[in-house]
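Descriptive structure summary
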Amino acid sequence: MSRVPTISLEQARRTALAAQGFADPRPAQVTMRHVQRVVDRVRVVQVDSVNVLVRTQYLPFLSRLGPYDRGLLDRARDGGPGRRPARLVEYWAHEASLVPLHTWPLLAFRMAEAGERAWSRSIAQSHPGLVDAVLGTVREHGPLTSREVEAHLRHGASRAGEGWGWNWSAVKKALELLFWSGRITSAGRTASFERRYADPVDVLGPELVQRRDQLLDEDPQEAVTELLHLSLRAHGLGSRRCLADYLRLRGPRVDAGLVALEERGLAERVQVRGWDQTVWRDPAARSPRAVPGAALLSPFDSLVWQRERTEALWGMRYRLEIYVPAHLRVHGYYVLPFLLDERLVGRVDLKADRAAGRLLVRSVHWEPGVDRVVAGRALEEQLGQMAGWLDLSRVDFAQS
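Now for a description of the structure that goes with this document. Everything numeric in this text was worked out from a predicted model, so none of it was measured. Numbers given to residues run from 1 along each chain, matching the order in which its sequence is written. Under the rules for a predicted model, residues below a pLDDT of 70 receive no local features and side-chain atom pairs below 80 are neither given nor counted, while totals for whole chains, interfaces and linings still include all residues. As a rule here, side-chain values cover all heavy atoms of the structure and leave hydrogens and water aside.

Considering the overall build of the chain
Quick reminder of the rule: Helix and strand labels come from DSSP, where a helix needs a run of H or I of at least four residues and a strand needs a run of E of at least two; each type is numbered from the N terminus. Based on C-alpha atoms, the radius of gyration is set beside the globule rule, defined as 2.2 Å times the residue count to the power 0.38. Three exposure classes are used, based on accessible area relative to the maximum for each residue type with a 1.4 Å probe and protein chains only: buried under 20%, partly exposed in between, and exposed over 50%. Under the convention used here, a 1.4 Å probe and the Shrake-Rupley method define accessible areas, while residue burial counts only the protein chains that appear. Positive: Lys, Arg. Negative: Asp, Glu. His and the chain ends are not part of the count. To locate a charge, take atom NZ for lysine, CZ for arginine, CG for aspartate or CD for glutamate.
In terms of regular secondary structure, the chain is built from 16 helices and 14 strands. Its C-alpha radius of gyration of 23 Å places the chain within 12% of the 21 Å reference for a compact globule of 400 residues. With the C-alpha coordinates of the chain rotated into their principal frame, the extents come out at 75 × 65 × 45 Å. For the chain, buried positions account for 55% of its 400 residues. Carbon and sulfur atoms make up 48% of the accessible area of the chain, which totals about 18600 Å². The centroid of the 57 positive side-chain charges in the chain is displaced by 3 Å from the centroid of its 48 negative side-chain charges.

Structural data, given as structure tokens:
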């Protein structure tokens with residue numbers, strides 16, 4: 001057996017940062033090409049409805065590109081004028097996420113799981129005919145929001161002289177079942193963050209839908225292996241848990257996939273000093289001599305998704321406290337890790353006070369040993385950029 005190479009923790013950090021796009025130069029003016037570059041790096045962007053600062057899907061692009069027109073991401077997700085096709089589609093990847101279109105068919109095994117879940121059978125039993133009615137409505141009239149689907153169903157029942165037996169909640173559950181199972185998909189979101197449901201052929205095209213259908217009839221192992229490869233390329237290097245968590249992969253197929261990637265020369269084992277786990281590295285991953293720069297990271301940024309990885313590489317024990325009662329929070333409600341010159345040096349609890357036109361800094365917590373003067377100046381610059389990007393006129397620090 002060949003000797004497993006050993007690398008330093010610093011090398012591992014730089015490999016991870018480069019794989020996630022932090023070593024790429026920030027453009028003077030951000031275009032769709034730069035947005036696509038980030039997508040090509042991270043492979044998956046988590047979506048979340050929390051809007052205390054800005055919805056999380058916009059933040060990873062700010063962290064890697066600097067201030068940009070958020071409409072670029074909207075167009076990448078929704079398509080553009082003249083029916084220009086979208087570049088991203090929403091599905092359950094790492095939670096609700098935006099993924100490149102060609103990733104969607106690889107998740108066919110997850111779509112197949114939907115029909116096996118107890119809640120899916122419950123919907124069909126408690127509301128006979130609803131799922132088929134919702135599917136037919138989306139196919140005929142989509143893209144539609146859930147409320148628009150309900151309105152179509154009500155109107156159709158009224159015209160037929162039938163009673164209305166399905167409420168909005170039931171319609172929403174049917175839509176989510178159809179979305180999870182891949183029989184409908186997302187054609188983007190409205191300005192109020194409502195998902196717009198559509199037939200997959202209309203959004204993704206017949207070839208990708210056909211590819212998905214083929215994969216539904218095949219052993220999922222090859223798809224899982226390909227997803228693991230996407231995860232490894234996005235990580236640069238990572239443990240089994242890191243690589244599986246990125247796209248929420250589970251079970252023995254993960255181990256088989258890692259073995260297959262090694263055999264194909266697409267993954268290699270390395271030992272990282274100070275990281276007491278088996279680590280796989282992408283043989284094509286870069287490890288720059290330095291990754292300078294500063295960035296505020298979304299709590300849902302893919303760089304810090306896997307908390308054990310964040311602690312192993314950067315020594316930061318980072319936890320999301322949104323769902324923790326206020327009096328029990330340690331660092332705050334919407335806390336962004338602050339990346340400075342390869343290190344996570346602090347945590348900043350932020351809120352966009354849109355009525356007052358200010359970016360409110362509710363708290364700043366520095367990591368041990370950080371030069372607070374240097375880090376403080378860099379943080380102020382990043383806060384100023386973020387405020388301008390959010391069309392807020394000033395940055396205010398809360399009085400302690």
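Concerning the environment of Leu59
So the rule is basically this: Any two residues whose heavy atoms approach within 4.5 Å at even a single point are treated as in contact.
Among the structural elements, Leu59 can be located in helix α3 (residues 59-65). By relative accessible area, Leu59 is classed as buried at 0%. In contact with Leu59, other than residues within four places in its own chain, are Leu53, Val54, Ser298, Tyr334, Met386 and Trp389.

A closer look at empty space enclosed by the protein
Which entries qualify depends on this criterion: Both site types are read off a 1 Å grid over the protein atoms alone. A 1.4 Å probe that fits but cannot get out defines a cavity, while an open set with protein on both sides within 12 Å along at least five of seven lines defines a pocket; lining residues have an atom within 4 Å of a point. Grid points are joined across faces, edges and corners, and a volume is the space filled by probe spheres set on the points. The classification used treats Ala, Val, Leu, Ile, Met, Phe, Trp, Tyr, Cys and Pro as nonpolar, Asp, Glu, Lys and Arg as charged, and all other residues, Gly among them, as polar.
Inspection of the entire model under this criterion finds 5 cavities of 30 Å³ or more. Considered as a void within the structure, the largest cavity measures approximately 70 Å³ in volume. Around the largest cavity, the lining residues are Arg26, Leu62, Ser63, Gly66, Pro67, Ala295, Leu296, Gln382, Gln385 and Met386. Of all the secondary structure elements, the ones that give two or more residues to the lining of the largest cavity are α3, β10 (294-296) and α16 (372-389). Top contributing element to the lining of the largest cavity by residue count: α16, with 3 residues. Per-class residue counts for the lining of the largest cavity are 5 nonpolar, 4 polar and 1 charged.

Concerning the packing of helix α1 (residues 9-19) against helix α12 (residues 221-235)
What counts here: Helix axes are fitted to C-alpha atoms over the stretch in contact, other axes to C-alpha atoms as well, and angles between N-to-C directions run from 0 to 180 degrees. Roughly parallel refers to an angle under 35 degrees, roughly antiparallel to one over 145, roughly perpendicular to one between 65 and 115, and oblique to any angle outside these ranges.
Two numbers describe how α1 lies on α12: the axes approach to 6 Å, and their chain directions differ by 115°. When the interaxial angle is binned, α1 and α12 end up roughly perpendicular. Together, Thr15, Ala16 and Ala19 of α1 and Arg233, Ala234 and His235 of α12 make up the contact between the two elements. Residue composition of the contact of α1 with α12, by class: 3 nonpolar, 2 polar and 1 charged.

Read these as geometric descriptors, not functional statements.
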